[in-house]
Amino acid sequence: MLVSLLLLGAAPRESTPALPPDALAAPPRVDESPTAWSCTIDTLRSGKECVFEADLKVGAPNAQQDAANIQLLKDASRALCGEAIRVARDGQSDANLTAVCERNYARVVGQCGLEGVSPVVDAKGRFAPGARACYRALSSVLQEVQLMAAVASPCCECAARSGCPGTGERCYADVSHQQSSPAALACLDTRCHDACSMMLPPSASIPRAAPAPAAGHAPQKAAGRAGSASL
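Bear in mind the structure is a predicted one, so any value in this text is a computation, not a measurement.

A. Fine view of the confidence of the model for the chain. Of all residues in the chain, 73% attain a pLDDT of 70 or more, and the chain-wide mean is 82. Here helix α11 (residues 217–230) is the element of the chain with the lowest mean pLDDT, 46, and helix α3 (residues 63–75) is the one with the highest, 95. pLDDT under 50 marks residues 219–231. Its contacts with residues more than four places away, or in other chains, come to zero contacts.

The structure is reproduced here in structure tokens:
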């Protein structure tokens, strides 16, 4: 089912055959295939606007269906997260950011069970109308990780290699929203300037730690105070 969902969104649409001469006299036929506006896995991965047009019967709550709905979309997390990052980075992956995406995805996928009153997607891969909150939450996770991948991924990879403070998941969030601490900014500017230049303020505006006092300087001042006191 998961493979079918991923392929449904990505498969090219077949060209519409020419109408036969007697088509106007023929009885109408309903085309039940997903329209270009239907909310599917494809629109979820691309962030396109869409319509919840699946026609699913709503029944009584069902724990097994609830669990199946959640598991179906949970199984898609690695593919969706990995693809979102590769698209934003021109084909390059980021294992650390993929793990961040999967954790954030797992936190919101619990909204996708729908209490088991219906499948979360129909047989054609269209999201159920009742899955609006689920769809939007998952879409927000994927859009956020695309932002992180585009503006923060190279910088945070360098920060981890260079031992800068605030690495890991915190780095991706801080760098993409320009909220890094002064200590982290100073380290990124010094050790990762090329990788982080797009997201760093001007070097002159980055707070720097005060230089350590020269050896023997503090003892001399103390001796001076002691001499004054003796007078």
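B. Main features of α3. Its 13 residues give α3 an end-to-end C-alpha distance of 18 Å, which sits within 8% of 18 Å, the value for a rise of 1.5 Å per residue. Inspection of α3 places Asn69, Ile70, Leu72 and Leu73 among the buried residues, and these make up the whole buried set. Projected down its long axis, α3 carries its buried residues within an arc of 155°, all on one side. Of the exposed residues in α3, the ones pointing more than 90 degrees away from its buried face are Ala63 and Gln64.

C. Representation of the packing of aromatic side chains in the model. Under the counting rule described, the total for this entry stands at two aromatic pairs. Aromatic pair Phe52 and Tyr135: ring centres 5.4 Å apart, planes at 85°, arrangement edge-to-face. In this pair, Phe52 is assigned in the loop between α2 (41–46) and α3 and Tyr135 in helix α6 (residues 132–151), connecting sequence segments 83 residues apart. A single burial state applies to Phe52 and to Tyr135, both of which are buried. With a centroid separation of 5.0 Å and an interplanar angle of 80°, the aromatic rings of Phe127 and Tyr135 are classed as edge-to-face. These aromatic residues form a ring-pair network of at least three members: Phe52, Phe127 and Tyr135.

Reading the values: the criteria
Residues numbered from 1 in each chain as written. Predicted model: local features only at pLDDT ≥ 70, side-chain atom pairs only at ≥ 80, totals over all residues. Heavy atoms only, no water. pLDDT = per-residue confidence, 0-100. Helix = DSSP H or I, 4+ residues; strand = E, 2+ residues; numbered from the N terminus. Contact = heavy atoms within 4.5 Å. Expected span 1.5 Å × (residues − 1). Buried < 20%, exposed > 50% of the residue type's maximum accessible area, 1.4 Å probe, protein only. Arc of directions from axis to C-beta. Phe/Tyr/Trp six-rings, centres within 6.5 Å; stacked < 30°, edge-to-face > 60°.

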